[in-house]
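The lines below spell out each chain.
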Amino acid sequence: MQVAELQGLAVHYADQGPRDGRAVVFGNSLGTDLRVWDAVLPLLPRGLRLVRYDKRGHGLTQATPGPYSIGQLADDAAALMDHLGLRDAVFVGLSIGGLIGQSLAARRPDLLRGLVLSNTAAKIGTPELWRDRIATVRAGGIEAIGAATMERWFSPAFRETTECRAWQMMLERQPLDAYAAACEAIAAADLREATATLRLPTLAIAGELDGATPPEIVRDTAALIPGARFEVLPGAGHLPGVEVAPAYAALLTRFLEELG
Ligand SMILES: O=C(O)CC1=CCC(=O)O1
């Protein structure tokens, strides 16, 4: 197991591939851990240094009292990259991971040479939506949002699979206080101004059936960044790396190859 102590926080990560390979860092979404990338990594070109990590309060990374902020979560990502000596990396951020990626690109442009904004936006939902979500989980536990969350995460066909039940288990085992703390970070985040200042190669990916960050809001965020490419994955929901891993990996591979 790979764990770093970063400013007192025990951060769980997985660093695979050659140390001198081009670095790609993966940031996962709300209520998931680094297993969300399991199906994608084996499909990427060899020779890359692939770093996944669990954000604060998720997976095996230590939780701290909330609320969290996107800036704080971006600083955690930067601390891990500094710890591992990563520079000129591509950051692949999924949902809240994409908010973290946008913030990281604005705060620490020295770390990044490219950005993938997957199923994310500069602003996700409304503060009311997130406050309602927090109230629901505080009243009924994460189980109270389990079924509804699977409807946002996955297509109707995928929801019939046994695998979908395992992802629901992952969500429902997420510690509640850290989930609420991350919801607070999303509620407070409106990165539109900062994201419009970004000038790095960017690929934005949406899922056709994404019930959390529909294609329109991903496209609107991509439009803030000059030259950003926008792609929609047919038949996919909010976690396309799970549901349509080969198509997702193909988009990442093309982007990485274009970056050179
Ligand atoms: O609602 C969900 O669970 C989907 C989601 C929104 C932000 C995020 O990271 O995941």
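This text follows the structure it describes.
Residues numbered from 1 in each chain as written. Predicted model: local features only at pLDDT ≥ 70, side-chain atom pairs only at ≥ 80, totals over all residues. Heavy atoms only, no water.

**Q** Just give me the short version of empty space enclosed by the protein, but keep the residues and values in it.
**A** For the coordinates displayed, the defined rule picks out one cavity of 30 Å³ or more. Taken as a whole, the largest cavity encloses approximately 30 Å³ of empty space. Per element, the largest residue contribution to the lining of the largest cavity is three residues, and it comes from helix H10 (residues 240-243). Class assignment of the residues belonging to the lining of the largest cavity gives a composition of seven nonpolar, one polar and no charged. (1 Å grid on protein atoms, 1.4 Å probe; cavity = no way out; pocket = protein on both sides within 12 Å on 5 of 7 lines; lining within 4 Å. Points joined across faces, edges and corners; volume = space filled by probe spheres on them. Helix = DSSP H or I, 4+ residues; strand = E, 2+ residues; numbered from the N terminus. Nonpolar A, V, L, I, M, F, W, Y, C, P; charged D, E, K, R; others polar.)

**Q** Kindly report on the packing of aromatic side chains, identifying the contributing residues and their values.
**A** Scanning the model with the defined rule gives four aromatic pairs in all. Between the aromatic rings of Trp-37 and Tyr-248, the centroid separation amounts to 6.3 Å while the plane-to-plane angle is 35°, which identifies the pairing as tilted. Here Trp-37, found in the loop between strand E3 (23-27) and strand E4 (49-53), pairs with Tyr-248, found in helix H11 (residues 245-259); they are 211 residues apart in sequence, far enough to count as distant. By relative accessible area, Tyr-248 is classed as buried at 1%. With a centroid separation of 4.5 Å and 35° between ring planes, the pair formed by Phe-154 and Phe-158 is classed as tilted. On the basis of relative accessibility, which here comes to 10%, the residue Phe-158 falls in the buried class. (Phe/Tyr/Trp six-rings, centres within 6.5 Å; stacked < 30°, edge-to-face > 60°. Buried < 20%, exposed > 50% of the residue type's maximum accessible area, 1.4 Å probe, protein only.)

**Q** I'd like a description of the sheet that holds E4, backed by residues and values.
**A** A sheet is described by the order of its strands in space; here eight strands give the open sequence E1-E2-E4-E3-E5-E6-E7-E8, paired in mixed fashion. Among the strands making up the open sheet, the edge pair consists of strand E1 (2-6) and strand E8 (229-233). For this sheet, the mean angle separating the axes of adjacent strands, direction not counted, is 25°. Two strands pair when backbone bridges link them, and strand E7 (residues 202-207) and E8 are joined in this way by five bridges, in the parallel orientation. Bridge assignment links Ile-205 to a residue of E8, and that residue is Glu-231. Packing against the sheet, helix H2 (residues 96-107) makes contact with E3, E4, strand E5 (89-94) and strand E6 (112-118), and its axis sits at approximately 145° to E5. On the sheet, H11 packs against E3, E5, E6, E7 and E8 and is oriented at approximately 165° with respect to E8. (Pairing = 2+ DSSP bridges. Axes fitted to C-alpha atoms, helices over the stretch in contact; angles between N-to-C directions. Contact = heavy atoms within 4.5 Å.)

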